[in-house]
Amino acid sequence: MANLIYSPKDILQQEFKTKMRGYDPIEVDEFLDNIIKDYENYSKQLLALQEENDKLSAKVAQLSKNQGAAPSRAQQTETPKSAAVTNFDILKRLSNLEREVFGKKLDAQAGNVPPVTPNPNNYTSTNEHDNEATRQF
């Protein structure tokens, strides 16, 4: 508010000299009253915005201080590229090992299991009669 030349009080108390062909004093007073109201509203808004700015600045300073103390989430979850490749290699090796161990057991059990007979209600089975009936349509 240091940049303002007139305060609302200055505008209110301003007196003008009257001349023979001057402006209508009542109209000038009404206009100046409206200007005073605007100045008061601007002053209130300016104070509210300054308070909000101070609160937000304090919050930013506090969060900056807290962020400096604790590493950010992005830094915590970042894994080096070499570790990601190593994890992939480990999973691949584990998969190959399971295939070797459990694959042999499944092959051994497969000899004991009777062959699977096709289900007559299975619509994906190839039945010549069904195919001929479909062709008729």
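So, how was this worked out
Numbering of residues starts from 1 in every chain and runs along the sequence as written. Since the coordinates come from a predicted model, pLDDT governs what is reported: local features require at least 70, and pairs of side-chain atoms require 80 or more to be given and counted, while whole-chain, interface and lining totals use all residues. As a rule here, side-chain values cover all heavy atoms of the structure and leave hydrogens and water aside. In this text, helices come from DSSP runs of H or I with a minimum length of four residues, and strands from runs of E with a minimum of two, each type numbered from the N-terminal end. Residue exposure (1.4 Å probe, protein chains only): buried if accessible area is under 20% of the type maximum, exposed if over 50%, otherwise partly exposed. In this analysis, the protein atoms alone were mapped onto a 1 Å grid. Cavities are point sets where a 1.4 Å probe fits without being able to get out; pockets are open sets with protein on both sides within 12 Å along at least five of seven lines; lining residues have an atom within 4 Å of a point. Grid points are joined across faces, edges and corners, and a volume is the space filled by probe spheres set on the points. Each residue gets one label: Ala, Val, Leu, Ile, Met, Phe, Trp, Tyr, Cys and Pro are nonpolar, Asp, Glu, Lys and Arg are charged, and the others, such as Gly, are polar. For patch building, the residue pool is restricted to those with more than 30% relative accessible area and no salt bridge; the joining distance is 9 Å between like charges and 5 Å between nonpolar side chains (Val, Leu, Ile, Met, Phe, Trp, Tyr). To be clear on the numbers: accessible area is Shrake-Rupley with a 1.4 Å probe, and residue cover counts the displayed protein chains and nothing else. Salt-bridge detection follows one rule: a side-chain nitrogen of Lys or Arg within 4 Å of a carboxyl oxygen of Asp or Glu. Here, expected helix span is obtained from the residue count minus one, scaled by 1.5 Å. It only takes one pair of heavy atoms within 4.5 Å for two residues to be counted as in contact. Working convention for charge: Lys and Arg count positive, Asp and Glu count negative, and His plus the chain ends are omitted. Charged side chains are reduced to one point each, which is NZ for Lys, CZ for Arg, CG for Asp and CD for Glu.

Trainee: Lay out the overall build of the protein with the relevant residues and their values.
Mentor: If you tally the helices and strands in the protein, you get five helices and zero strands. Evaluated residue by residue, the protein yields a buried proportion of 4% over its 137 residues.

Trainee: I'd like to hear about the layout of surface pockets, residue by residue, with values.
Mentor: In this structure, the largest pocket encloses a volume near 310 Å³. Contributing to the lining of the largest pocket are Gln-14, Glu-15, Phe-16, Lys-17, Thr-18, Lys-19, Gly-22, Tyr-23, Pro-25, Val-28 and Asp-29. Partitioning the lining of the largest pocket into residue classes produces four nonpolar, three polar and four charged.

Trainee: Give a detailed account of a nonpolar patch on the surface, specifying residues and quantitative values.
Mentor: A cluster of nonpolar side chains, contributed by Leu-91, Leu-94, Leu-97, Val-101 and Phe-102, occupies part of the molecular surface with about 480 Å² of accessible area. With respect to the helices and strands, Leu-94 occurs in helix H4 (residues 81-110).

Trainee: Give me the lowdown on helix H2 (residues 25-69), citing residues and values where you can.
Mentor: Between its first and last C-alpha atoms H2 spans 66 Å; for 45 residues at 1.5 Å apiece the expected length is 66 Å, and the two agree. Turning to H2, its buried residues are Leu-32, Ile-36 and Ser-43. Contact partners of the buried residues in H2: helix H1 (8-13).

Trainee: How would you summarise a negative patch on the surface if you had to cite specific residues and measurements?
Mentor: A surface patch of like charges, here negative, comprises Glu-15, Asp-24, Glu-27, Asp-29, Glu-30 and Asp-33. Position of Glu-15 relative to the elements: it lies in the loop between H1 and H2. Residue classification places Glu-15 among the exposed residues on the basis of a relative accessible area of 67%.

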